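Inside the fold
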Amino acid sequence: MAVTIRPNPFTMVLFDADDIGRIVGEVAALVGVDRDMVVEVDEKTPLGRTFVTSLDPVTISVESGAFEDARRPRHHSETAVKDVVGRLLFRVKDRLDPAFGTPPDDAELSLPAQVAWDAYCVGRCARLGLPVQEQRRRYHFRNRHGFTDVADAMFERLWNGDGLTWAEIEAACSATEAARLAS
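Every value quoted in this text rests on a predicted model; they were computed, and no experiment measured them. (Residues numbered from 1 in each chain as written. Predicted model: local features only at pLDDT ≥ 70, side-chain atom pairs only at ≥ 80, totals over all residues. Heavy atoms only, no water.)

Focus: the packing of helix α4 (residues 134–145) against helix α5 (residues 149–159)
In plain terms, the rule: A fitted line through C-alpha atoms represents every axis, and for helices the fit uses only the stretch in contact; the resulting angles, taken between N-to-C directions, go from 0 to 180 degrees. Every helix listed is a DSSP run of H or I at least four residues long, and every strand listed is a run of E at least two residues long, numbered separately from the N terminus. Under this scheme an angle from 65 to 115 degrees is roughly perpendicular, one under 35 degrees roughly parallel, and one over 145 degrees roughly antiparallel; angles in between are oblique. Left-handed is the label given to a crossing in which the near helix is rotated counterclockwise from the far helix by less than a right angle, and right-handed is the label when the rotation is clockwise. Residue contacts follow a heavy-atom distance rule, with two residues in contact if any of their heavy atoms lie within 4.5 Å. Ten residues, namely Ala, Val, Leu, Ile, Met, Phe, Trp, Tyr, Cys and Pro, are considered nonpolar, four, namely Asp, Glu, Lys and Arg, are considered charged, and the remaining ones, Gly among them, are considered polar.
Packing of α4 against α5 brings their axes to within 10 Å, and their N-to-C directions diverge by 130°. For the element pair α4 / α5, the angle class is oblique. Where α4 crosses over α5, the handedness of that crossing is right-handed. Listed contacts from α5 to Glu134, Arg137, Arg138, Phe141, Arg142 and His145 of α4 are Ala151, Asp152, Met154, Phe155, Glu156, Leu158 and Trp159. Considering only residue class, the contact of α4 with α5 consists of 6 nonpolar, 1 polar and 6 charged.

Comments concerning the state of the cysteines
Applied cut-off: Two cysteine sulfurs form what is called a disulfide whenever their separation falls within 2.5 Å.
Tallying each qualifying case throughout the model produces 0 disulfides. Just so you know, Cys121 is unpaired, no disulfide at all, and the nearest cysteine sulfur is the one on Cys125, 7.0 Å from it.

A few points about the environment of Arg144
Counted only if it meets this: Each residue is placed in one exposure class: buried if its accessible area under a 1.4 Å probe, protein chains only, is under 20% of its type's maximum, exposed if it is over 50%, and partly exposed if it falls in between.
In this structure, Arg144 sits in helix α4. For Arg144, a relative accessible area of 35% corresponds to the partly exposed category. In this structure the C-alpha to C-alpha distance between Arg144 and Ala116, which are 28 residues apart in sequence, comes to 8.9 Å. Apart from residues lying up to four places away in sequence, Arg144 is in contact with Leu111, Pro112, Val115 and Arg180.

Some points on the nonpolar core
What counts, and what does not: Here, the term nonpolar core denotes a set of buried Ala, Val, Leu, Ile, Met, Phe, Trp, Tyr and Cys residues that are joined through side-chain atoms within 4.5 Å.
Phe67, Leu89, Phe141 and Leu158 are the most contacted members of the largest nonpolar core, which totals 51 residues. Going through the elements one at a time, α1 (17–31), β2 (37–42), β4 (58–63), α2 (78–96), α3 (111–127), α5 and α6 (166–182) are the ones with two or more residues in this core. Of all the elements, α3 adds the most residues to this core, at 9 residues. Setting aside residues up to four positions removed in sequence, Phe67 forms contacts with Phe15, Ile20, Val39, Val41, Val62, His75, His76, Ser77, Ala80, Val81, Val84 and Val85.

Looking at the sheet that holds strand β1 (residues 3–6)
How we decide: DSSP calls a pair of strands paired once it identifies at least 2 bridges connecting them.
What the 4 strands build is an open sheet, ordered β1-β2-β4-β3; its pairing is mixed. Both outer strands of the open sheet, β1 and β3 (50–55), are each paired with one neighbouring strand and no more. When the angles between neighbouring strand axes are averaged without regard to direction, this sheet yields 15°. Across 6 bridges, the pairing between β2 and β4 is parallel. Of the residues in β4, the one forming a bridge with Val41 is Val62. Across the sheet, α1 lies against β1 and β2, angled at about 140° from β1, the strand it touches most. Along the sheet, α2 contacts β2, β3 and β4; its crossing angle with β3, the most-contacted strand, is approximately 35°.

Observations regarding the environment of Pro103
Counting through the fold element by element, Pro103 comes out in the loop between α2 and α3. With relative accessibility at 11%, the residue Pro103 sits in the buried group. In this structure the C-alpha to C-alpha distance between Pro103 and Lys44, which are 59 residues apart in sequence, comes to 30 Å. Those residues within four positions of Pro103 in sequence are excluded, and the remaining contacts are Arg95, Trp117 and Trp166.

As for the side chain of Arg91
Within the secondary structure, Arg91 is located in helix α2. Residue Arg91 is classed as buried on the basis of its relative accessible area, which comes to 2%.

Considerations on unusual backbone geometry
Between Arg6 and Pro7 the backbone carries a cis peptide bond, its omega angle lying at 0°. Here Pro7 is to be found in the loop between β1 and α1. Across the junction of Asp56 and Pro57, the peptide omega takes the value -5°, indicating a cis bond. In this model, Arg74 sits at a positive phi of 75°, which is unusual for a non-glycine residue.

Set out below in structure tokens:
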């Protein structure tokens with residue numbers, strides 16, 4: 001498996017492409033994605049959007065703020081890289097599994113579906129020992145799915161889930177939407 005980081009070298013942020021490549025390789029091995037990868041970093045923006053844009057080769061596009069160390073502006077954070085890459089590589093792994101189903105492209109995902117899938121992906125990252133912020137993810141889930149008992153139950157199901165399908169993620173979104181409309 002080859003990992004390519006673009007740009008290399010960075011000119012606007014003080015990221016180390018070799019270190020990011022090392023981190024991506026380690027996370028890929030943990031998640032179980034053994035494919036060539038390209039990580040494209042838009043260093044012109046401090047925002048933090050992230051997308052999987054291709055499966056062959058696996059291509060991850062990130063805005064530099066997604067990898068940035070909050071305590072050292074313009075430097076990358078190993079924890080941030082692991083968090084972003086772990087979550088996105090679980091999306092890749094899901095997309096490559098025919099049993100998972102066929103979710104829309106990342107750019108086409110509704111915000112509730114994206115947040116629900118993230119809860120499922122990040123929960124698996126936590127079980128691998130990758131750094132995660134469960135309470136942040138729980139709060140983000142509640143903001144998109146409602147502050148209800150149903151939303152809390154769906155978060156737990158996704159966070160602790162294994163072997164879920166896209167249909168089950170969509171069903172979780174439908175359940176939380178129904179609970180929000182009923183309240």
